[in-house]
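Residue strings, one per chain:
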Amino acid sequence: MSTVSAATNPKLTYKLSFNDAAQHYVDVQMDVSDWNGKDLIVKLPVWAPGSYLVREFARHVEQFEAFSGSTALKAKKINKNTWKIAANKASNISIKYKVYAFELTVRTSFIDAAHAYLNGSNVFMYIDGKKELPSTVKITPSKNWKEISTGLEVVNGDKWTRYSNDYDVLADSPIEIGNQDIFTFEAAGVPHEVAMYGGGNYDKARLAKDLKRICEEATKVFDTNPCKHYTFIVHCLPTGGGGLEHLNSTTVQTAKFSFTNDKSYKSFLSLIAHEYFHLWNVKRLRPEALGPFDYDNENYTSMLWFSEGFTAYYDNLLTRRAGFYTPEAYLDILISDINKVTNQPGNYVQPVAESSFDAWIKYYRSNENSANSTISYYDKGSLLALMMDMEILRNSKGAKDLDDLMKYLYNEYYQNEKRGFTDAEFKAAAEKICGRNLDDFFSKYVNGTQPIPYNDYLNAVGLQLVNQNEGKSSEVLFGANTKTDNGKIIVTGVVKETAAYEAGINVNDEIIAFDNYRVDDLAKWLGYKKIGDKVDVLVSREGSLQTIPVVLKANTNVKYKFEAIKSVNTDQARAYNYWMKFDTTAIR
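Described in the following lines is the structure provided in the data block.

Cut-offs used in this document
- What you see as residue numbers is a count from 1 along each chain, following the sequence as written.
- At least 70 in pLDDT is required for a residue's local features to be given in this predicted model, at least 80 for side-chain atom pairs to be given and counted, and no such filter applies to totals for whole chains, interfaces and linings, which use all residues.
- Note: side-chain values were computed over all heavy atoms of the structure, leaving out hydrogens and water.
- Secondary structure elements follow DSSP: runs of H or I no shorter than four residues count as helices, runs of E no shorter than two count as strands, and numbering proceeds from the N terminus.
- Computation of the radius of gyration draws on C-alpha atoms, with the globule rule given as 2.2 Å multiplied by the number of residues to the power 0.38.
- Under the scheme applied here, a residue whose accessible area is under 20% of the maximum for its type counts as buried, over 50% as exposed, and between as partly exposed, the area being computed with a 1.4 Å probe on protein chains only.
- Residue-level accessible areas treat just the shown protein chains as cover; the underlying method is Shrake-Rupley with a 1.4 Å probe.
- Note that His is not counted, nor are the chain ends; the positive residues are Lys and Arg, and the negative ones are Asp and Glu.
- Charge positions are represented by NZ for Lys, CZ for Arg, CG for Asp and CD for Glu.
- A pair of strands counts as paired when DSSP detects no fewer than two bridges linking them.
- Pairing of aromatic rings covers Phe, Tyr and Trp, the last counted by its six-membered ring, and requires centre-to-centre distances within 6.5 Å; plane angles under 30 degrees mean stacked, over 60 mean edge-to-face, and any other angle means tilted.
- For every element, the axis is a line fit to its C-alpha atoms; helices are fit only across the contacting stretch, and the angle between N-to-C directions ranges from 0 to 180 degrees.
- Each angle gets one of four labels, with under 35 degrees taken as roughly parallel, over 145 as roughly antiparallel, 65 to 115 as roughly perpendicular, and the rest as oblique.
- Only heavy atoms matter for contacts: two residues are in contact if any of them lie within 4.5 Å across the pair.
- Side-chain classes are defined by residue name, with Ala, Val, Leu, Ile, Met, Phe, Trp, Tyr, Cys and Pro counting as nonpolar, Asp, Glu, Lys and Arg as charged, and the others, Gly among them, as polar.
- Each residue after the first adds 1.5 Å to the expected span of a helix.
- The rule for a disulfide is simple: a pair of cysteine sulfur atoms within 2.5 Å.
- Residues enter a nonpolar core if they are buried and are Ala, Val, Leu, Ile, Met, Phe, Trp, Tyr or Cys, with the set joined through side-chain atoms within 4.5 Å.

### A word on the overall build of the protein
Reasoning step 1: The helix and strand tally for the protein stands at 17 helices and 32 strands.
Reasoning step 2: Compactness check: the protein gives a C-alpha radius of gyration of 27 Å against a globular reference of 25 Å for 588 residues, within 12% of the reference.
Reasoning step 3: When its C-alpha atoms are laid out on the principal axes, the protein stretches across 80 × 65 × 45 Å.
Reasoning step 4: Per-residue burial over the protein gives 56% buried out of 588 residues.
Reasoning step 5: Carbon and sulfur atoms make up 46% of the accessible area of the protein, which amounts to about 24800 Å² in all.
Reasoning step 6: Taking the average place of the 68 positive charges on the side chains of the protein and the average place of its 72 negative ones, the gap between the two points comes to 2 Å.

### Description of the pairing of strand E25 (residues 480–485)
Reasoning step 1: Bridge analysis of E25 against strand E26 (residues 488–494) gives 6 bridges, and the strand direction is antiparallel. The residue of E26 that forms the bridge with Thr484 is Ile489.
Reasoning step 2: Taken together, E25 and the strand that follows it, E26, pair antiparallel across an intervening segment of 2 residues, in which Asn486 is found at a positive phi of about 55 degrees.

### What to know about the packing of aromatic side chains
Reasoning step 1: Tallied over the entire structure, the rule returns 52 aromatic pairs.
Reasoning step 2: Consider the rings of Tyr363 and Tyr364, whose centres lie 5.2 Å apart with planes at 90 degrees: the pair is edge-to-face.
Reasoning step 3: Among the residues examined, Tyr363 registers a relative accessible area of 33% and is labelled partly exposed.
Reasoning step 4: Look at Phe478 and Phe514: their rings are 5.9 Å apart centre to centre, the planes differ by 55 degrees, and that puts the pair in the tilted class. Linking Phe478 in the loop between strand E24 (476–477) and E25 with Phe514 in strand E27 (residues 510–514), this pair joins segments that are 36 residues apart in sequence.
Reasoning step 5: Looking at Phe478, the relative accessible area reads 3%, which means it is buried.

### Points about the packing of helix H6 (residues 309–321) against helix H10 (residues 377–395)
Reasoning step 1: One can describe the packing of H6 onto H10 by two numbers: an axis separation of 6 Å at closest approach and a directional angle of 70 degrees. As far as their axial angle goes, H10 and H6 are roughly perpendicular. The segment H6 lies against H10, with Gly309, Phe310, Ala312, Tyr313 and Leu317 engaging Tyr377, Tyr378, Gly381, Ser382, Leu384, Ala385, Leu386, Met388 and Asp389.
Reasoning step 2: Its residues placed into classes, the contact of H6 with H10 shows 10 nonpolar, 3 polar and 1 charged.

### Some words on helix H7 (residues 327–342)
Because an α-helix packs 3.6 residues into every turn, residues spaced three or four apart end up facing the same way.
Reasoning step 1: In a regular helix each residue adds 1.5 Å, so 16 residues correspond to 22 Å; H7 covers 22 Å between its end C-alpha atoms and thus fits that length.
Reasoning step 2: Within H7 the residues assigned to the buried category are Pro327, Tyr330, Leu331, Ile333, Leu334, Ile335, Ile338, Asn339, Val341 and Thr342.
Reasoning step 3: As for H7, its buried residues are in contact with H6, H10, helix H14 (454–458), strand E23 (463–467), strand E32 (560–564) and helix H17 (570–580).

### Structural notes on the state of the cysteines
Reasoning step 1: Throughout the structure, instances matching the rule amount to 0 disulfides.
Reasoning step 2: Among the cysteines around Cys215, which has no disulfide bond, Cys227 carries the closest sulfur, lying 9.4 Å off.

### With respect to the nonpolar core
Across soluble globular proteins, nonpolar side chains show a tendency to be buried alongside one another.
Reasoning step 1: Within the largest apolar cluster, 159 residues are counted, with the highest numbers of intra-cluster contacts made by Phe18, Trp305 and Trp579.
Reasoning step 2: In terms of residues, this core owes the most to one element, H10, which gives 11 residues.
Reasoning step 3: Setting aside residues no more than four positions away along its own chain, Phe18 makes contact with Tyr25, Val26, Ile111, Ala116, Leu118, Ile139, Thr140, Pro141, Ser142, Trp145 and Ile177.
Reasoning step 4: Grouped together as the second largest cluster of nonpolar side chains are 21 residues, Ala500, Ile505, Ile548 and Leu552 included.

### Examining unusual backbone geometry
Reasoning step 1: The omega angle of the peptide bond from Gly291 to Pro292 is -5 degrees, so this bond is cis rather than trans.
Reasoning step 2: Assignment of secondary structure puts Pro292 in the loop between helix H4 (262–277) and helix H5 (304–307).
Reasoning step 3: A positive phi angle, near 80 degrees, is found at Asn508, a position not held by glycine.
Reasoning step 4: Among the structural elements, Asn508 can be located in the loop between helix H15 (499–503) and E27.
Reasoning step 5: When its relative accessible area of 59% is taken as the criterion, Asn508 is described as exposed.
Reasoning step 6: The phi dihedral of Asn516 falls on the positive side, at around 70 degrees, and the residue is not glycine.
Reasoning step 7: Tracing the backbone through its elements, the reader meets Asn516 in the loop between E27 and strand E28 (517–518).
Reasoning step 8: Owing to a relative accessible area of 80%, Asn516 belongs among the exposed residues under this scheme.

Next up, the structure:
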């Protein structure tokens, strides 16, 4: 890891201590030097970059106070995340406050006797209008904590003192402090550190080898790696999963005993690939709305279907390129994604561009009707990436693929223009690499909700989708998703345009009987019925017994599988081989 000189002399110093770690607190002291203004205004972000939801981190701040030397300064909170200090032209000001942290997610902070995990946007305040100021972070760990893992730079070889060029870097550099298990490897000429918290059945040598392959495959897409060093923080928990990308690090969560299960291990590698690919896509190559950030408000963009969706496409693709999935296994993953999106009613209600824009109020606040009214910009975006990949492969006769678009955008806007791109610039770049006008693609599938004609695109690589449910019109679909709770069948969701939906079955209804016979197994009872049957469904709704007549309908869900077209020509075969990268990948 590189080191900076203390001669940098930042104007801001943060001091962190953990005297009350067992009670989940960090004590923060923010020292501001060379301040001569009348008032000093400091803020804490309301959201964390990469997670598009206002989370109101200031709700965890306690005992805010300010001093000039030993003299207390008048401090007043003036809105939900802003404090105003009457500085009276004092040169040196110390701000002190405590942060309660007991939410162990990749977006939030957590402290207990065993360790501290800190997200910068949750903990560090910044001077209003001065986010460009560099800072030093000095950490006094709790007793018996020996290790620290973060992407922040070391100062003068002291691992407990770190440096940040500006607030955006500080907010984007999570810190793990405790006794985590640390190992290292080098990939693409860059040193990588892996910090494993929580224990588990992982094999460090295997992980180092496999993560190296993922990192190098991701780097090949762009032909350059932007990092001097990179840090993986891995929380191994009883259950859970997910990750959040950062400037030169990531935090991911996984089940601690999942590393010896082949399916879950490969899923973990795909998660690693997703977050690592964000090094380029989002953290550097980005829509113009995603940086510099307004930490007080939502930062709207209609391009998350690209930023997250294309990354979701690449996570499994990179895992395949690294040799962890056979082509057949990879195609099975794609089929699962296609079936999921095609069968979701919200896919025909909400355009994916709108899904991106409304992420702040819908994606992270899903409810029982979300499947009927929304579509994930991850899921739909990954399929749009697949279609665009097919288009490039077709028009280049297997000489180019989606990598060429990603590389072009990265070079043009991050490296050359040093800014984010507009929606129009993205479309123009896609048209340039695809080799055709994409008005219909954007109007129908990005800004509209028309069904994607997958076979028109997949023909480029000699594949087609075949619906295995075609002609099976006798299968009944009730349309209510249920769970069993203490022997009771409880409705958890009702699918739009199904029999249950049209009859008025509600979420939280308890299904008791069909035609006056008690139901103990819903699937079994439906198996006795046929399409068009009228069933009197007895439910308990808020304690009131009601009989609801339901006319059963056919299951119209698709169940696709891939098949090769009958006659594959040379261009299609070449495109398929280039897509699968047979010339560079040895399948395990």
